[in-house]
Amino acid sequence: MKYLLSILLLATSSFVFAQTGRITGKVRDLQGEAIVGASVFVKTSQLYGANSDENGQFSLELPVGIYNLICRMDGMNTDTIQINVTENGLIELDIPMEEISTVLDVVEIKVGKFDKPLEDQTVSMEVLKPRLIESKNTRSIETVLDQTPGLNILDGEPQIRGGSGFTFGVGSKVAVMVDDMPMLSGDAGKPEWGFIPVENISQVEVIKGAASVLSGSSALSGSINIRTAYPTATPLTKVILYSGLYSTPSQEGAKWYDDTPLITGATFLHSRKYKQWDLVLGGNFNYDHGYIGPPVVDPGVLADTITNFTNKQMVSKRARLNFNLSRRDKKIKGLQYGINGNFMLQETNMPLAWLNDSSGLYRAYPGAIFLQKQLIFNIDPYITYSSKHGAKHSLRTRVLRTVNDMSANQSNQATVLYGDYQFRNTFKQIISVDFVGGITAQHTYSYANIYAGSGRPVNQLLNLSAYAQAEKKFWKRLTISVGGRLEYFQLNDTVTALKPIFRAGSSFKIHKATFLRASYGQGYRFPTITERFIKTGVGNFGVFPNPELKPETSWNAEFGIKQGFKLGPVMSFLDIAGFWQEYQNTIEYMFGIWHSFTSVEDMSTGAGFKFLNTGNSRVRGIDASLAGTVAIGKKSDLTFLCGYTYILPQTLNPDYLYATDSLDRKFTYNTTSLNPGSKILKYRFLHNLKIDMEYTALKKLSIGFSAKYYSKIVNMDAIIKDFEDLTNMIDILQNLRYMDYYYSHHHGNWIFDARISYLLKDKHRFALIGSNILNTTYSLRPLKIEPPRTVMLQYTLKLGGD
């Protein structure tokens, strides 16, 4: 006992007279505000520690030595700081802490016009990062966009929350932009997905709900903004090689080819900084055998002299090159200018309807497929200036040229001139308000004989707009934003339109990682040149002009909550929103007998499609998404992105008479719908589920899985059934069969994808990627089959980069 007491006394005296140093500091958040009650302690012994006071200050004394100091606070990201304590030394620390909501890998981003954190946004937004884009061997951006909760890409046409039906991609009701500049064709308002540089994307932002105030006309139900990546301090070189095959369709007798259904290509990217210069070079070369075969005709029917193509003509080829070049001025601090460019040549085909609902699922109907040779390029000069006080001026301009050489005399070409001046600043002198405003001008010159419904092949469309939005944060919890836009359109010196639109929103932080938001926004879309003036005939049907077509308008209101979670190794965000959208003068693509004709051979001169305003509609629903990561050990993790959307899309005036054809048939929702009793809008999926998960082990082996569920289409145009009956009655018409398929497949579709990859020496990645791995035969819109299973091998070489 005496011996033990001596040891304790010796240890105590050693501690009392040990050489020590003092550590003081302040714990704060990223905005500089004091954090009260944070624990600061030595990693190896919590006996040495302190708590921050009401000013965020703390102080503690430690023996001389090297320590790892831990700073911990509920709802914040734990921080570790290494310190070296010297005798009688004083260490002063400034410890900024991030909230859980900003450290999740899937949402560690700045978004929107103000580059604010995702959780501060007053609208519903989903964000996709390059990791998902690359892992799915994305050859064209719409294939990965289709994995986004609340967004469907239906045969190339974007649909957000059921805001649109199907119009063969013409007149998109979703704005598609690259770096805040529109990427819709000037004459048709159609996305050119293959033209977007997928090899150089930093993130994709999808706004759900009317977004016309900042995204412009066409953002009737939302917007998609693709942000390209800037060079980093370390030069980056990336090369991706891929090759794969289409599987034989599971439908018996549906294989139409006897060669190898090959898909192959290469993508490259090089970006670097050199002194004052930033340079990005990229490109893609793609060969696609195709899964849709050329039409064939049954004996005794009218000969196909328009679309009698060969198997080789079904092949798609694409070559695209792009560059970004910018310079930071040496003499004028904050001044940057540059030029971006993108050039693409491609040969492809555009099928509109299948041959039949059995062995002809993967063949086109005679007269219902076009061959396309396309040249498209844009040149984008720009200049930006950021003042020392934080104000930012930018002038972005674009020349977009599209030349489409198409079969059956469907060729067209258009030139778009675009310019946008934008001013952005935070006014701190009075009430600290973030402001963005600008002026936009766009002029489209179109030349096409198929647009002679205006009276001439030349058509011009001018769009001028001014916009502004202000955002203010109160008490570091409440964010209020209000904005407006004034749109002016002039078509061919005869048709003009002037429309103001507004939006408002709020976000309230009720806890460390809990955010409530509410928003209201208006949308406006002026009809495209194609919708008003297209006049053509191919095969058995035609397309007819409607010069009196009116603009569409919409409004969207929603209430949502975003909740962050940190449960052990799991960090995630759950976002739930209820929404209410209403649309006025909805534009749809309708079939009718618009002019009389005397023979079946002349049917295309009178029977066919026309764009019509079909009245008012409403879409209500709920949208939920869950995104996050699970840390598994120090070098492994699981990332996930899941979403579910339920919509109730209904007409508000089912008996509204919007057209009468030459047979005196009355066009209303009730008379044109296959299932009018439901009042459900046509071509909508009431339930939609998206899941993507990827497990990465030891930062080398990755295994990924995706699933998508589309519920059945409740309603569609009754004319599809009528047209099938007509082809059954007239022997010389190729029999068009769909209704048997519709009734036998009137259920939802589950589609599964999978991938596995391995990273070798941090430079080489080898991947095996499968899409539609169960080889399901399915259709998402009438008369169009979706691709069978594809299996791809991918090799990626990545050198440098941060």
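Peer 1: I keep staring at the nonpolar core and nothing clicks. Help me out?
Peer 2: The tendency in soluble globular proteins is for nonpolar side chains to be buried as a group. Residues F591, Y738 and I785 are the most contacted members of the largest nonpolar core, which totals 78 residues. Looking at which element gives the most residues to this core, the answer is strand β34 (residues 587-593), with four residues. F195, I196, V198 and I226 belong to the second-largest nonpolar core, a separate cluster that totals 29 residues.

Peer 1: I would appreciate a short explanation of the sheet that holds strand β13 (residues 174-178) in the present structure.
Peer 2: The strands making up a sheet associate through backbone hydrogen bonding, with each pair oriented either parallel or antiparallel. One open sheet accounts for five strands, arranged β10-β15-β16-β13-β14; its pairing is mixed. Single-partner strands in this sheet number two, and they are β10 (124-128) and β14 (181-182). In this structure, β13 lies alongside strand β16 (residues 222-228), joined through five bridges in parallel fashion. Within β16, the position partnered with V174 by the bridge is G222.

Peer 1: Just checking my understanding: could you explain the pairing of strand β46 (residues 790-800) for this structure?
Peer 2: Residues in a regular strand project their side chains so that they alternate between the two faces of the sheet. Relative to β46, strand β17 (residues 236-246) runs antiparallel, the two sharing 11 bridges. Looking at the pairing, K238 lines up with K798 of β46. Alignment of strand β43 (residues 764-771) against β46, held across eight bridges, turns out to be antiparallel. Opposite S771, over in β46, you have T790 as the bridge partner.

Peer 1: Can you walk me through the pattern of salt bridges in this structure?
Peer 2: As enumerated under the stated definition, the model contains 28 salt bridges in all. Its salt-bridge partner being D288, residue R139 comes within 3.5 Å of it at the nearest N-O pair. A residue pair is termed long-range when its members are at least 10 positions apart, and R139 in the loop between α2 (130-135) and α3 (142-145) and D288 in strand β19 (residues 277-288) qualify at 149 residues. You can call R139 partly exposed: its relative accessible area is 22%. With relative accessibility at 12%, the residue D288 sits in the buried group. Two residues, R227 and E205, come together in a salt bridge whose shortest N-O distance is 2.8 Å. Taken together, the residues span a long stretch of sequence, with R227 in strand β16 and E205 in strand β15 (residues 201-208) at a distance of 22 residues.

Peer 1: How should the environment of Y669 be read in this particular structure?
Peer 2: One can find Y669 in helix α6 (residues 669-672). You can call Y669 buried: its relative accessible area is 7%. Excluding its chain neighbours within four sequence positions, the residues that come into contact with Y669 are T651, P654, Y656, Y658, N675, P676, S678, K679, I680 and N715.

Peer 1: What is the right way to read the environment of I680 from this model?
Peer 2: Along the chain, I680 falls in the loop between α6 and β40 (687-697). Taking the C-alpha atoms as reference points, I680 and N715, 35 residues apart in sequence, are found 6.4 Å from one another. Residues contacting I680, with those up to four places away along its chain left out, are L648, P649, Q650, Y669, L686, V714 and N715.

Peer 1: Any chance you could explain the pairing of β34 here in plain terms?
Peer 2: Counting buried positions along β34 yields seven of seven residues, so the element is predominantly enclosed. Going residue by residue along β34, you find I587, Y589, F591 and I593 tucked away on one face and E588, M590 and G592 tucked away on the opposite face as well. Looking at chain direction, β34 and strand β35 (residues 607-613) are connected through seven bridges and run antiparallel. Each residue of the ladder has a partner; that of Y589, found in β35, is F611.

Peer 1: Quick question: what am I supposed to make of the environment of E694 here?
Peer 2: Structurally, E694 can be placed in strand β40. Considering only alpha carbons, one finds E694 and I207, 487 residues apart in sequence, at a separation of 24 Å. Beyond its immediate stretch of four places on either side in the chain, E694 contacts R131, S135, D637, L638, T639, S702, I703, G704 and R755.

Peer 1: What is the right way to read helix α7 (residues 719-729) from this model?
Peer 2: Within an α-helix, residues lying three or four positions from one another point in the same direction, as the helix has 3.6 residues per turn. Residues of α7 that are buried: I719, I720, F723, E724 and T727. All buried residues of α7 project into a common sector of 145° when viewed along the axis, lining one side. For α7, the elements touching its buried residues are β34 and α8 (739-744).

Peer 1: Got a minute to help me understand unusual backbone geometry in this structure?
Peer 2: Backbone geometry follows two general trends: most residues other than glycine have a negative phi, and most peptide bonds adopt the trans configuration. In this structure, A408 takes a positive phi of about 60° despite not being glycine. Since its relative accessible area comes to 24%, A408 is described here as partly exposed. Located in the positive-phi region is K699, a residue other than glycine, with phi close to 60°. Tracing the backbone shows K699 in the loop between β40 and β41 (701-710).

Peer 1: Just checking my understanding: could you explain the side chain of N556 for this structure?
Peer 2: In this structure, N556 sits in strand β32 (residues 552-567). Given the relative accessible area of 4%, N556 is considered buried. With near-sequence residues (within four places) excluded, N556 lies in contact with R161, G209, A210, S519, Y520, G521, F579, W580 and Q581.

Cut-offs used in this document
Sequence positions are assigned chain by chain, starting from 1 and proceeding in written order. Given that this is a predicted model, residues contribute local features only at a pLDDT of at least 70 and side-chain atom pairs are listed and counted only at 80 or more, while totals for whole chains, interfaces and linings are drawn from all residues. Computation of side-chain values covers all heavy atoms of the structure but excludes hydrogens and water. The criterion is simple. A nonpolar core is a set of buried Ala, Val, Leu, Ile, Met, Phe, Trp, Tyr and Cys residues joined through side-chain atoms within 4.5 Å. Each residue is assigned to one of three classes by its accessible area relative to the maximum for its type, calculated with a 1.4 Å probe on protein chains only: buried under 20%, partly exposed between the two thresholds, exposed over 50%. Every helix listed is a DSSP run of H or I at least four residues long, and every strand listed is a run of E at least two residues long, numbered separately from the N terminus. Strands were regarded as paired on the criterion that DSSP finds at least two bridges between them. We define a salt bridge as a side-chain nitrogen of Lys or Arg found within 4 Å of a carboxyl oxygen belonging to Asp or Glu. Here, two residues are considered to be in contact whenever any of their heavy atoms come within 4.5 Å of each other. Here, the arc refers to the directions that run from the helix axis to the C-beta atoms.

Treat this as a map of the structure, not an account of what it does.
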